[in-house]
Amino acid sequence: MSIGNELRGAVDRGEIVAWFQPQVEVESGRVTAVEALARWQHPTRGLVSPVVFIPEAEDTGTIHEIGAHMLWEGCRHAARWRDRGFNVDVSVNVSAVQLAKPSVFAQLQDLLETFALPEGTLTIEITESQLIADLQEVATRLARLKSFGLGIALDDFGTGHSSLAQLQDLPITELKIDRSLIQATTSIGGELIALAVALLQERGVRVVAEGVETEEHLNRVRHLRCDRAQGYLFGRPMPVEEVDELLAHAL
Ligand code: G
Ligand code: G
Ligand code: MN
Ligand code: NA
């Protein structure tokens, strides 16, 4: 059977699991957020990467149930951590296919209400490459979602072709700098990134560095004055029980 077919019912069978990767506040080193990353626990293939199954899910429409499950899990755990006294923001990747569905507004509004999440607790991540299709239409939709109290992150910044001018038109609350820029061995474009960071922070946009694996990467992140950092240096994507432990030990 094809991956696309096997994905049908995977959520109901409990095979799609939300893992989380910590993000730290650069200044304090504290875990202030996590990004939810989907994992497929396949009965025979083992753990399947989202790189493999998300595109299949987008093509076959199962992305809607997978996406809904990931959003639910993200909100559920955000509320649970808040109950325990941890202020942890949660980011969930949302596909352009999900964003295009008219019911996305009610879906997200309901989630925020159901879990009583304060403004900015839940952020949705949209990739740069998914935006170019119809920037104006997407910008309008994102602005509406932002008005609900959702955070809006532009993911993988630096891998697509959006200009600073386009960035300024987008109603984002967060910019995630792609790991290729953080890990670059030459500093080509470094000043341009620094400019983008400064420009956006001036407008209240939070800047998150991805792919921080070494102290050297972290130094670059400090130099760029990024607000938060994510990467193997702080932790890999992990099952939720491990996040619980991480938070408990940080107390
Ligand atoms: O965790 P990582 O290894 O391998 O994730 C790979 C890619 O899969 C990332 O680019 C990430 O944005 C994407 N991804 C992970 N989980 C989800 C999800 O729940 N929804 C969507 N749309 N993409 C996801
Ligand atoms: O949604 P996005 O493409 O940003 O998903 C993050 C991806 O980056 C996931 O596949 C995650 O496993 C991966 N990742 C997270 N931290 C690091 C890191 O420090 N180094 C590398 N190479 N990949 C990372
Ligand atoms: Mn992401
Ligand atoms: Na990214």
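This text follows the structure it describes.
Attention here is on the structure that accompanies the text. In this text, all values refer to a predicted model and were calculated from it rather than measured experimentally.

## Description of the overall build of the protein
For step 1, the next point in the chain: Scanning the protein from terminus to terminus reveals 11 helices and nine strands.
For step 2, the next point in the chain: When the backbone C-alpha atoms are referred to their principal axes, the protein occupies close to 50 × 45 × 35 Å.
For step 3, the next point in the chain: Nonlocal contacts in the protein, meaning residues at least 24 apart in sequence, comprise 67% of its contacts between residues at least 6 apart.

## Digging into the site of ligand 2
For step 1, the next point in the chain: The environment of ligand 2 is made up of 15 residues, and the closest members are Gly211, Glu213, Gly231, Tyr232 and Pro237.
For step 2, the next point in the chain: Taken together, the residues that form the shell around ligand 2 break down as four nonpolar, five polar and six charged.

## Examining the site of ligand 1
For step 1, the next point in the chain: In the vicinity of ligand 1, the residues found are Leu37, Ala38, Ser49, Pro50, Val51, Ile54, Gly67, Met70, Asn93, Ser95 and Pro237.
For step 2, the next point in the chain: Breaking the shell around ligand 1 down by element, the ones donating at least two residues are strand 2 (31–42), helix 2 (50–60) and helix 3 (63–83).
For step 3, the next point in the chain: Tallied by class, residues from the shell around ligand 1 come to seven nonpolar, four polar and no charged.

## Thoughts on the nonpolar core
For step 1, the next point in the chain: Ranked by internal contacts, the top residues of the largest apolar core, which has 64 residues, are Ile177 and Cys226.
For step 2, the next point in the chain: At seven residues, helix 3 tops the list of elements feeding residues into this core.
For step 3, the next point in the chain: Excluding residues that lie within four positions of it along the chain, Ile177 makes contacts with Phe157, Gly158, Ile182, Ile193, Val207, Ala209, Glu210 and Cys226.

## Points about the pairing of strand 4 (residues 89–93)
One face of the sheet, then the other: side chains in a regular strand alternate in exactly this way.
For step 1, the next point in the chain: For strand 4, the buried fraction is high: five of the five residues fall into the buried class.
For step 2, the next point in the chain: Along strand 4, one buried face is formed by Asp89, Ser91 and Asn93 and the opposite face, lined by Val90 and Val92, is buried too.
For step 3, the next point in the chain: Across four bridges, strand 2 lies against strand 4 in parallel orientation. Pairing of Val34 across the sheet is with Val90, part of strand 4.
For step 4, the next point in the chain: Pairing between strand 4 and strand 5 (residues 122–127): four bridges, direction parallel. By the bridge assignment, Val92 is partnered in strand 5 with Ile124.

What counts, and where the lines are drawn
- Residues numbered from 1 in each chain as written.
- Chains lettered and ligands numbered in written order.
- Predicted model: local features only at pLDDT ≥ 70, side-chain atom pairs only at ≥ 80, totals over all residues.
- Helix = DSSP H or I, 4+ residues; strand = E, 2+ residues; numbered from the N terminus.
- Contact = placed C-beta atoms within 7 Å.
- Near = placed C-beta within 6 Å.
- Nonpolar A, V, L, I, M, F, W, Y, C, P; charged D, E, K, R; others polar.
- Core = buried A, V, L, I, M, F, W, Y, C linked by C-beta atoms within 7 Å.
- Buried ≥ 20, exposed ≤ 12 C-beta atoms within 10 Å, placed from the backbone.
- Pairing = 2+ DSSP bridges.

These results come straight from atomic positions and should not be treated as a statement about function.
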